[in-house]
Each structure stands twice: as C-alpha cells, then as structure tokens.
Amino acid sequence: MNERIYKSTSFQFVKELITLVIACAFLGFILHFFVQLYVNVIVVAIVGIVSLYFTLSDKKLYVKVTDETLTVVKGKKIDEYVIDECAIKARVKNDILTLYVTDSNDNTKSYDLSLLGYKQFQKLIEDLTIIGDKSEPITLKAE
C-alpha cells in the first residue's frame with residue numbers, strides 16, 4: 001500500500017501570516033476614520049487573534065492518500081473516506097484551494113487546503129485521479 005502525505009508548506013504559512021498583518025493594518029487604517037483609537041485597537045486585536053488562531057489550526061492540517069483511502073487530519077479531527085465510494089471535486093479560485101468530498105451518504109464536506117500550496121495541491125488531485133493521465137475522461141453529449 002503506497003501512502004502519500006501532503007502537509008502545509010512553510011512558504012504558504014509565512015505568506016498567510018504576512019497577508020494577515022497587512023489585512024489587520026488595512027482594517028486599522030479604515031477604522032481610524034470611524035471609531036476612537038482604543039476601540040480601533042481592540043477590534044483589530046480581536047480580528048488578528050481570531051485569524052491567527054484559524055491560521056495556526058490550518059497549519060496542523062494534512063492529507064494522507066493511499067490506493068484505497070483519503071484521510072484528512074486537522075488537529076484531533078480525522079475524516080477518512082474510501083475513494084471508490086466518494087465523489088471528489090477540486091476548486092482553485094484565486095489563492096483558495098478547496099477539496100470537496102461527497103461520501104456515500106451524500107454528505108458533502110469542503111476542506112480549505114490553501115496552506116498546501118499550488119504544487120502540492122496539484123499533486124494531491126492528480127493522486128486522487130481528478131486530473132492527470134489516470135483520470136477518467138469526461139464526455140459531453142450535444143443535443
């Protein structure tokens with residue numbers, strides 16, 4: 001059984017942190033026109049801390065793919081899917097890389113895998129036979 005693991009990259013993590021700092025600075029700049037300084041500081045601090053928490057929790061996310069299973073691990077939460085019993089879709093929009101998994105019970109879950117980086121995400125969806133030489137061809141019928 002061949003096991004492949006996809007983890008977040010340090011470059012993507014640092015890029016996310018820099019974006020967070022810039023967004024907080026922009027929010028502070030906009031708010032200074034509308035609220036007093038101490039309210040501005042409190043709002044920016046709350047937004048920054050909550051965003052940092054989500055970014056750090058996404059850093060713990062990784063995806064494990066074997067020939068039969070797809071496992072998404074985020075901290076202590078583990079979602080495991082049998083690949084043949086699932087419908088898997090991928091979406092790339094701007095810098096947001098999302099994987100959608102619909103299980104056999106028609107429950108759809110989405111996973112933001114932006115911290116994997118584009119190259120690893122491409123390898124992952126090729127591993128899952130969404131794209132690439134192993135993927136099934138899509139035939140369109142004209143009416």
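First, a word on scope: everything that follows refers to the structure included in this document. (Residues numbered from 1 in each chain as written. Predicted model: local features only at pLDDT ≥ 70, side-chain atom pairs only at ≥ 80, totals over all residues. Heavy atoms only, no water.)

What follows covers the overall build of the protein. Of the regular secondary structure elements, the protein holds 3 helices and 7 strands. Counting from the amino terminus, helix and strand elements in the protein follow one another as β-α-α-β-β-β-β-β-β-α. The C-alpha atoms of the protein give a radius of gyration of 19 Å, which is well past the 15 Å a tight globule of 143 residues would have. For the C-alpha atoms alone, the extent of the protein along its principal axes is close to 60 × 45 × 30 Å. Evaluated residue by residue, the protein yields a buried proportion of 32% over its 143 residues. (Helix = DSSP H or I, 4+ residues; strand = E, 2+ residues; numbered from the N terminus. Rg over C-alpha atoms; globule rule 2.2 N^0.38 Å. Buried < 20%, exposed > 50% of the residue type's maximum accessible area, 1.4 Å probe, protein only.)

Let us look at the pairing of strand β6 (residues 96-102). A large share of β6 lies buried, amounting to 5 of its 7 residues. Pairing analysis gives 7 bridges linking strand β5 (residues 87-93) to β6, with the strands arranged antiparallel. Residue pairing for β6: Lys93 is matched across the bridge by Ile96. Hairpin connection, β5 to β6: the antiparallel pair is bridged by 2 residues, and Asn94 has positive phi, about 55 degrees. Inspection of the sheet shows β6 paired to strand β7 (residues 108-112) by 5 bridges, in the antiparallel sense. Bridged to Thr102 within β7 is Thr108. Counted along the chain from β6 to the antiparallel partner β7, the turn is 5 residues long, and its residue Asp106 has a positive phi close to 65 degrees. (Pairing = 2+ DSSP bridges.)

Along helix α3 (residues 118-127), the positions that sit buried rather than exposed are Gln120, Phe121, Leu124 and Ile125. Projected down its long axis, α3 shows its buried positions confined to an angular sector of 130 degrees, all on one face. Turned more than 90 degrees away from the buried face of α3, the exposed residues are Tyr118, Lys119 and Lys123. Turning to α3, the residues buried within the fold contact β1 (4-7), β2 (62-65), β5 and β6. (Arc of directions from axis to C-beta. Contact = heavy atoms within 4.5 Å.)

In terms of nonpolar packing, the biggest core is built from 20 residues, with Val65, Leu70, Leu99, Val101, Leu113, Leu124 and Leu128 touching the most fellow members. Going through the elements one at a time, β2, β3 (69-74), β6 and α3 are the ones with two or more residues in this core. (Core = buried A, V, L, I, M, F, W, Y, C linked by side-chain atoms within 4.5 Å.)

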